[in-house]
Amino acid sequence: MSQKREDYITWDEYFMGVAELSALRSKDPSTQVGACIVSQDNKILSMGYNGFPKGCSDDEFPWDKAHEQDDPYNAKYFYTTHSELNAILNYRGGSLEGSKLYVTLFPCNECAKAIIQSGIKTLIYGSDKYADTPAVRASKRMLNAAGVRYYQYESSGRVIKIQV
């Protein structure tokens, strides 16, 4: 009788890995964010990354953020859709009620609204580098009020290699 492998990855490692891989699809030159929505029984429901809406050419809309103060019309912020919202909008099934969201960067206040309204109940995030900004502080305030549990992904530090 053979023994099962003991060094398999955890669910958090698996789904955060999917979110990280999704982030690599982003064409944003400064920030790549990925998201993965998972059912209560650990089935992937949807994925998303930050980018422009369908039909808005990656070559015709601005990726620049330098003009935000001087000319917000020509900065990326009016045009990009965040990974969390893309994952929610990409879902073609029924309800997301009770699901989990893995995301590489803590959500802004606008994405928090969509997370709450869609019924997502658990949020696992990678980085919280904007923790002190008003957008993230407002996000946490709403998530707390709505009873959405969130915690930071804790990497085991191990290098995950695929063996064939």
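Further up the page is the structure itself.
Residues numbered from 1 in each chain as written. Predicted model: local features only at pLDDT ≥ 70, side-chain atom pairs only at ≥ 80, totals over all residues. Heavy atoms only, no water.

A. Expanded view of the layout of surface pockets. In this structure, the largest pocket occupies an estimated 630 Å³ of space. Forming the boundary of the largest pocket are 25 residues, of which Tyr77, His82, Leu105, Cys108 and Tyr130 lie nearest the centre. The class makeup of the residues in the lining of the largest pocket is 10 nonpolar, seven polar and eight charged. (1 Å grid on protein atoms, 1.4 Å probe; cavity = no way out; pocket = protein on both sides within 12 Å on 5 of 7 lines; lining within 4 Å. Points joined across faces, edges and corners; volume = space filled by probe spheres on them. Nonpolar A, V, L, I, M, F, W, Y, C, P; charged D, E, K, R; others polar.)

B. Looking closely at the packing of helix α3 (residues 109–118) against helix α4 (residues 134–146). The N-to-C vectors of α3 and α4 enclose an angle of 20 degrees; their axes lie 8 Å apart at closest approach. Here α4 runs roughly parallel to α3, going by the angle between their axes. The crossing of α3 and α4 is right-handed. Across the interface between the two elements, Asn109, Ala112, Lys113, Ile115 and Ile116 of α3 pack against Ala135, Ala138, Ser139, Met142, Leu143 and Ala146 of α4. Here the contact of α3 with α4 is built from residues that sort into eight nonpolar, two polar and one charged. (Axes fitted to C-alpha atoms, helices over the stretch in contact; angles between N-to-C directions. Helix = DSSP H or I, 4+ residues; strand = E, 2+ residues; numbered from the N terminus. Parallel < 35°, antiparallel > 145°, perpendicular 65-115°, else oblique. Left-handed = near helix turned anticlockwise from the far one by under 90°. Contact = heavy atoms within 4.5 Å.)

C. How the structure looks around the pairing of strand β3 (residues 100–105). Along β3, six of the six residues are buried, which leaves the element largely enclosed by surrounding structure. As judged from the four bridges shared by strand β1 (residues 34–38) and β3, these two strands associate in the antiparallel manner. The residue of β3 that forms the bridge with isoleucine 37 is leucine 101. Inspection of the sheet shows β3 paired to strand β4 (residues 122–127) by five bridges, in the parallel sense. By the bridge assignment, tyrosine 102 is partnered in β4 with isoleucine 124. Since β3 and β4 lie parallel, the crossover through α3 that links them has a hand, and here it is right-handed. (Buried < 20%, exposed > 50% of the residue type's maximum accessible area, 1.4 Å probe, protein only. Pairing = 2+ DSSP bridges. Right-handed = clockwise from strand over helix to strand, strands pointing away.)

D. Quick look at the side chain of aspartate 28. Tracing the chain through its elements places aspartate 28 in the loop between α1 (11–23) and β1. One polar contact links the side chain of aspartate 28 to the main-chain amide nitrogen of threonine 31, over a distance of 3.3 Å. A polar contact of 2.7 Å, which involves the side chain of aspartate 28, links it to the side chain of lysine 76. Setting aside chain neighbours within four positions, we find aspartate 28 in contact with Asn50, Trp63 and Lys76. (Polar contact = N/O pair within 3.5 Å; in protein donor to acceptor, adjacent residues only side chain to side chain.)

E. Here's a closer look at the pairing of β1. Here β1 lies mainly inside the structure; five of its five residues are buried. Of the two faces of β1, the one holding Gly34, Cys36 and Val38 and the one holding Ala35 and Ile37 are both buried throughout. Pairing of β1 with strand β2 (residues 44–49) involves five bridges; the strand directions are antiparallel. Within β2, the position partnered with valine 38 by the bridge is isoleucine 44. Turn length for the β1-β2 hairpin, with the two strands adjacent in sequence and antiparallel, is five residues, and the turn residue asparagine 42 shows positive phi of about 60 degrees.

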